[in-house]
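Spelled out, the chains give:
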Amino acid sequence: MAAKKPRKIKDLKARLGRTIAPNTPTGGGDVAPPPGSAAPAPTGAAAPAAAKPKPGGVVAPPGIAKPKPAKGGGLVAPPFAQPKSEGPKSVAPPSDPFAAQQSSGPQEVRLVFDDKPVEDAEVGRKRKGRTFMLLGMGLVVGLLLGFGTGSVMNDRKLHNIAVRDGKDLYDAVRESSNRVGEAQQLIDRAVAAARGAPGKAPSVDYEAITGLNALEKPFGANVFSRKHYSLFEAGTVDSLFDYYNHINQIWSRIETLQGMTAGEQRQEELNNAAAAMTETASALTGCVVGLDEESGRWLCNLGYVRVPEDAEASGNVQVRASRRARREVEKGIFSGQELNEETSGSLVILVNTQQSIGVLGEQSSLFAEYVRDISQLKAQVDETVEVQGRLESSLGTIANNEEVFAF
């Protein structure tokens, strides 16, 4: 706070209408006599005769000039010329506040100034306070508005990011679906060759397997990582990860098939196994039912069955334990007879070879393993195509959204 400038003496006189010190003369005003002195004569009156001193007093020396009157007409008596006080007298209180000073010593005079500068300072502080309050309120309102606007803009930005991510994923799934479609066609060819057809023995389609191995795996983890899924439904996200897992499993099985069919030696083994499978598929098999004496359970022993020409009349067939076995045993065909200890080992139940070729061939040859793997691969691809269709539909809905304005 700036220091107050001292006020000029003349201003103070003008304000107070008084003199600062009792002995200081003013233009045109009465001068207060010192304490104990006689009151001065009024202005314009003749100077009184000098008081005669009492006996024993000191007589003023002659030739001393009389004091000149003050500008106001009054005379100030010197201290030695003042008459001796004969006793206390009741003196009326002076009207001049400065005349009330006591002779005991200097009095502390306190000057009271007007409070106009203080009021200005107080007004300035109040104005500053109001200004700061208004600025604070404006700042709070601005922050609230800025936060609200920023929140809306942030939501719009996230919406636009989700729309762009949805379009990217939709394009990636459609591109991947083309690759999966090519793999599905090649796998169907391999499965058809392994099953065989009328007049055509089961075989391995090596060209189809080579074509599968040449296909590059689509839809890696980098395609859908670090994406914004705010516009995605929970089922869409689940289908997205499920589709990714199916793609990995398909290409893993393709790699296994390539290792199983690569090389001349491996292909020769497969061809021989396919020929044996053809013989197995054309052969008739049966299950000889017998009672196990130790466990007391009924068991089924597989064997190759030959049906003679009179089998329909006799109801009996010839059974051998393996393809290379030369000895055949005659067994009766089971047609609902009672199974007991007497019939144990004498009846055979015919097996549906076409429906059981997977089990029969899997236990006997390398070609059966190939058929099993290619069949599982086909089931995996068919399931992936179904997941792919659902995913394309849901991602297409997201990709059709439009971006909104945001800054």
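Residues numbered from 1 in each chain as written. Predicted model: local features only at pLDDT ≥ 70, side-chain atom pairs only at ≥ 80, totals over all residues. Heavy atoms only, no water.

**Brief notes about the overall build of the chain**
Within the chain, the secondary structure is distributed over 9 helices and 5 strands. Sequence separation of 24 or more characterises 68% of the internal contacts of the chain that already satisfy a separation of 6 or more. Entry remark: accessible area of the chain is about 28400 Å², with carbon and sulfur atoms responsible for 54%. (Helix = DSSP H or I, 4+ residues; strand = E, 2+ residues; numbered from the N terminus. Contact = heavy atoms within 4.5 Å. Areas by Shrake-Rupley, 256 points an atom, 1.4 Å probe, with all protein chains shown as cover.)

**Focus: the state of the cysteines**
Taken as a whole, this structure holds 1 disulfide when the rule is applied. Bridging cysteine 287 to cysteine 300, the disulfide has an S-S length of 1.0 Å. A residue pair is termed long-range when its members are at least 10 positions apart, and cysteine 287 in strand S1 (residues 284-291) and cysteine 300 in strand S2 (residues 298-306) qualify at 13 residues. (Disulfide = S-S within 2.5 Å.)

**Describing the sheet that holds strand S3 (residues 316-320)**
In spatial order, the strands read S1-S2-S3-S4-S5; together these 5 strands close into a barrel with mixed pairing. Sheet twist, expressed as the average angle between the axes of neighbouring strands with direction ignored, equals 55°. (Pairing = 2+ DSSP bridges. Axes fitted to C-alpha atoms, helices over the stretch in contact; angles between N-to-C directions.)

**Digging into the nonpolar core**
Within the largest apolar cluster, 44 residues are counted, with the highest numbers of intra-cluster contacts made by Leu212, Phe219, Phe367, Tyr370, Ile374 and Leu377. For this core, the elements supplying multiple residues, two or more each, are helix H2 (116-195), helix H3 (206-214), helix H5 (234-261), helix H6 (264-282) and helix H9 (366-399). Sort the elements by how many residues they give to this core and H9 lands first, with 11 residues. Setting aside residues no more than four positions away along its own chain, leucine 212 makes contact with Ala183, Leu186, Ile187, Ile254 and Leu377. Counting residues in each nonpolar core, the second largest holds 5 residues, with Val288, Val305, Val317 and Val348 among its members. (Core = buried A, V, L, I, M, F, W, Y, C linked by side-chain atoms within 4.5 Å. Buried < 20%, exposed > 50% of the residue type's maximum accessible area, 1.4 Å probe, protein only.)

**Thoughts on H5**
Helix length check: H5 (28 residues) gives 41 Å between terminal C-alpha atoms against 40 Å at 1.5 Å per residue, within 8%. Taken from the residues just after H5, glycine 263 is the one with a positive phi, measuring 95°. (Expected span 1.5 Å × (residues − 1).)

**Structural notes on a nonpolar patch on the surface**
On the surface, a nonpolar cluster with roughly 340 Å² of combined accessible area is contributed by Met133, Leu134 and Met137. Along the chain, leucine 134 falls in helix H2. (Patch = residues over 30% accessible without salt bridge, like charges linked within 9 Å, V, L, I, M, F, W, Y side chains within 5 Å. Salt bridge = Lys/Arg side-chain N within 4 Å of Asp/Glu carboxyl O.)

**Overview of the pairing of S3**
Looking at chain direction, S2 and S3 are connected through 3 bridges and run antiparallel. The partner of tyrosine 304 across the bridge, within S3, is arginine 320.

**Regarding unusual backbone geometry**
Notably, phenylalanine 219 is not glycine yet its phi reads approximately 55°, a positive angle. With respect to the element layout, phenylalanine 219 can be found in the loop between H3 and helix H4 (221-224). The class of phenylalanine 219 is buried, set by a relative accessible area of 6%.

**Some points on the pattern of salt bridges**
Inspection of the entire model under this criterion finds 7 salt bridges. Aspartate 188 serves as the salt-bridge partner of lysine 378, at 2.7 Å between the closest nitrogen and oxygen. Pair noted here: lysine 378 is in helix H9 and aspartate 188 is in helix H2, with a separation of 190 residues, a long-range link. For arginine 390, the salt bridge is made with glutamate 386, and the minimal N-O distance between the two is 3.7 Å. Here arginine 390 and its partner glutamate 386 are both found in helix H9, 4 residues apart, which amounts to about one turn of the helix. Connected via shared salt-bridge partners are Asp188, Lys378 and Asp382.

**A short note on the environment of threonine 397**
Along the chain, the position of threonine 397 falls in helix H9. Measuring from C-alpha to C-alpha, the distance between threonine 397 and glycine 166 comes to 8.8 Å, with 231 residues separating the pair along the chain.

**Details of the side chain of glutamine 380**
Structurally, glutamine 380 can be placed in helix H9. Using a relative accessible area of 10% as the deciding quantity, one classes glutamine 380 as buried. Only 2.8 Å separates the side chain of glutamine 380 from the side chain of glutamine 249, close enough to count as a polar contact. Those residues in contact with glutamine 380 that lie beyond four places of it in its chain are His246, Gln249, Ile250 and Arg253. (Polar contact = N/O pair within 3.5 Å; in protein donor to acceptor, adjacent residues only side chain to side chain.)

**Structural notes on the pairing of S2**
In this sheet, S2 lies alongside S1 in antiparallel orientation, the contact comprising 8 bridges. Opposite leucine 291, over in S2, you have tryptophan 298 as the bridge partner. Hairpin connection, S1 to S2: the antiparallel pair is bridged by 6 residues, and glycine 296 has positive phi, about 75°.

**Comments concerning the packing of H5 against H9**
One way to put it is that H5 packs onto H9 with a least axis distance of 9 Å and a crossing angle of 155°. Comparing their axes, H9 and H5 come out roughly antiparallel. Seen along the crossing, H5 lies across H9 with a hand that is left-handed. Each residue belonging to the contact of H5 with H9 can be placed in one class, and the counts come to 14 nonpolar, 10 polar and 5 charged. (Parallel < 35°, antiparallel > 145°, perpendicular 65-115°, else oblique. Left-handed = near helix turned anticlockwise from the far one by under 90°. Nonpolar A, V, L, I, M, F, W, Y, C, P; charged D, E, K, R; others polar.)

**Here's the deal with the packing of H3 against H5**
Where H3 contacts H5, the axes come no closer than 9 Å and their chain directions differ by 135°. Here H5 runs oblique to H3, going by the angle between their axes. Between H3 and H5 lies a crossing whose hand is left-handed. In this structure, H3 uses Tyr206, Ile209, Thr210, Leu212 and Asn213 to contact H5, whose residues at the interface are Ile254, Leu257, Gln258 and Thr261. Classifying every residue of the contact of H3 with H5 gives 5 nonpolar, 4 polar and no charged.

**Side note on the packing of aromatic side chains**
Applying the stated rule across the entire model yields 2 aromatic pairs. When the centroid spacing of 6.0 Å and the interplanar angle of 35° are considered together, the rings of phenylalanine 367 and tyrosine 370 count as tilted. Placement of the pair is phenylalanine 367 and tyrosine 370 together in helix H9, with a separation of 3 residues, close to one helical turn. The buried category is assigned to phenylalanine 367, whose relative accessible area is 0%. (Phe/Tyr/Trp six-rings, centres within 6.5 Å; stacked < 30°, edge-to-face > 60°.)

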